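# Understanding the architecture of this molecule
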Amino acid sequence: MSRRRQIYEGKAKILYEGPEPGTIIQYFKDDATAFNAQKRGTINGKGVINNRISEYVFTQLQHIGIPTHFVRRLNMREQLVRQVEIVPIEVIVRNVAAGSICKRLGLTEGDPLPTTLIEYCYKDDDLGDPLIAEEHIACFNWASADEMQDISSMAIRINDFMCGMFAAIGIRLIDFKLEFGRLFEGDFSRIILADEISPDGCRLWDMESNEKLDKDRFRRDLGGEVEAYQEVARRLGLLPEDVNNNDVVDLDSQRKKRGK
Ligand code: TMP
């Protein structure tokens, strides 16, 4: 039985047609992938936590004037967002060396970068999302110069805000990935923040212990993925102190049984 039309299924989310034209429902799955989906698994309850964390971060960003696609959270796994045309670029913001840049440039993981660095990857799974320069973006017209100006200035503002937000709860924001979309209004379009912001697409380290509280726990087989995601949600004040993951999963399965 299908109540609505599925538009797209990605690695961690499913997109459904929304209730009104120009809207979409984002459903957050528990599926986890890494290394361009060569590694696959499930993190129980991840979708519920990411839905909540992403709602919180997007709402905070809206408060500081960043335009986003987020409208409202609908239930434990779904949120209503505005339909956009996704710009085919992953925007990676890095404060501290970690992950692929260490391999590429021979850096030591954990070393602060001299300045915040923005990198761009071309969104194409078949090609493994290759790193590109702004010249490629201009050459192939993936985004205009004006759009890139909006994207890079928003990325820096988002980074400044999120560094402070996470520092306040004892977490160091190492790096993260953003996606932007074009919102069409008549003949014009403007750039707004899209996709999600969650421990799936950020590196988050505990400030005192350097413990990883993000998807690197899955990528690197460290274990404790659910606990790490929950810890982030708990420190953001999104989970009551006494709620554990079994409660999250229980609530979610009750919701599914009710058919919502
Ligand atoms: P990287 O070190 O693998 O290039 O990743 C940099 C950051 O971007 C890290 O926080 C994870 C995030 N990221 C995604 O969210 N999706 C991706 O496909 C990739 C490659 C990275």
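Before any of the text, the structure's been laid out above.
Let me sum up the structure you'll find in this document. These figures come from a predicted structure and were not determined experimentally.

### Points about the site of the ligand
Around the ligand lies a shell of 14 residues, among which Arg 94, Ser 100, Asp 175, Lys 177 and Arg 203 are the nearest. Taking Arg 94, its side chain carries an N or O atom lying 2.8 Å from an oxygen atom of the ligand. Ser 100 is positioned such that a nitrogen or oxygen atom in its side chain is 2.6 Å from an oxygen atom of the ligand. When the ligand is considered free in solution it has 450 Å² of accessible area, and contact with the protein chains removes 78% of it. At the level of elements, strand 9 (89-96), strand 12 (171-185) and strand 14 (202-206) are the ones that each hand at least two residues to the shell around the ligand. A breakdown of the residues in the shell around the ligand according to their chemical character gives four nonpolar, three polar and seven charged.

### Let's talk about the packing of helix 1 (residues 46-63) against helix 4 (residues 145-167)
In the contact formed by helix 1 and helix 4, the axes pass within 11 Å of each other and the chain directions differ by 120 degrees. Taken together, the axes of helix 1 and helix 4 lie oblique to each other. For the element pair helix 1 and helix 4, the recorded crossing hand is right-handed. When helix 1 is examined against helix 4, the residues Tyr 56, Val 57, Gln 60 and Leu 61 are found in contact with a partner set consisting of Ile 158, Phe 161, Met 162 and Met 165.

### Details of the packing of aromatic side chains
Scanning the model with the defined rule gives two aromatic pairs in all. Grouped by ring-pair contacts, the aromatic residues Tyr 122, Phe 140 and Trp 142 constitute a single cluster. A cation over an aromatic ring shows up here: Arg 4 above the ring of Tyr 16, its NZ or CZ 4.1 Å from the ring centre. One residue, Lys 39, lies across the ring of Phe 218, its end atom 4.8 Å from the ring centre.

### Description of the side chain of Glu 119
Mapping Glu 119 onto the fold places it in strand 10 (residues 112-122). A distance of 2.9 Å separates a polar atom in the side chain of Glu 119 from a polar atom in the side chain of Arg 94. A polar contact of 2.9 Å, which involves the side chain of Glu 119, links it to the side chain of Arg 104. Residues in contact with Glu 119, not counting those within four places in the same chain, are Glu 90, Val 91, Ile 92, Arg 94, Ile 101, Arg 104 and Leu 131.

### Focus: the environment of Phe 70
Along the polypeptide, Phe 70 turns up in strand 6 (residues 70-73). For the pair Phe 70 and Ser 54, spaced 16 residues apart in sequence, the C-alpha separation works out to 9.1 Å. Those residues in contact with Phe 70 that lie beyond four places of it in its chain are Glu 55, Phe 58, Thr 59, Gln 62, Gln 79, Leu 80 and Val 81.

About the criteria used
- Residue numbering note: each chain is counted from 1, following its sequence as written.
- Selection of residues for local features in this predicted model requires a pLDDT of at least 70, selection of side-chain atom pairs for listing and counting requires 80 or more, and totals for whole chains, interfaces and linings are taken over all residues.
- Think of the side-chain values as coming from all heavy atoms in the structure, minus any hydrogens and water.
- Throughout, near means a residue has at least one heavy atom within 4 Å of the molecule or strand.
- By the criterion applied in these results, polar contacts are pairs of N or O atoms within 3.5 Å in which, for protein atoms, one can donate a hydrogen and the other can accept it, and in which residues neighboring in sequence qualify only through two side-chain atoms.
- Under the convention used here, a 1.4 Å probe and the Shrake-Rupley method define accessible areas, while residue burial counts only the protein chains that appear.
- Numbering of helices and strands starts at the N terminus; helices are DSSP runs of H or I of at least 4 residues and strands are runs of E of at least 2.
- Three classes are used: nonpolar for Ala, Val, Leu, Ile, Met, Phe, Trp, Tyr, Cys and Pro, charged for Asp, Glu, Lys and Arg, and polar for all others, with Gly counted as polar.
- Throughout, an axis means a line fitted to C-alpha atoms (over the contacting stretch in the case of helices), and angles, computed between N-to-C directions, take values from 0 to 180 degrees.
- Throughout this description, any angle smaller than 35 degrees is read as roughly parallel, any larger than 145 degrees as roughly antiparallel, any in the 65 to 115 degree range as roughly perpendicular, and the remainder as oblique.
- Left-handed describes a crossing whose near helix is turned anticlockwise from the far helix through less than a right angle; right-handed describes the clockwise counterpart.
- Contacts: residue pairs with any heavy atoms within 4.5 Å of one another.
- Here a Phe, Tyr or Trp ring, Trp counted by its six-membered ring, pairs with any other such ring whose centre lies within 6.5 Å, and the pair is stacked when the planes are under 30 degrees apart, edge-to-face when over 60, and tilted otherwise.
- In this analysis the charged atom, NZ for Lys or CZ for Arg, is taken to sit over a ring once it is within 6 Å of the ring centre and within 35 degrees of the ring normal.

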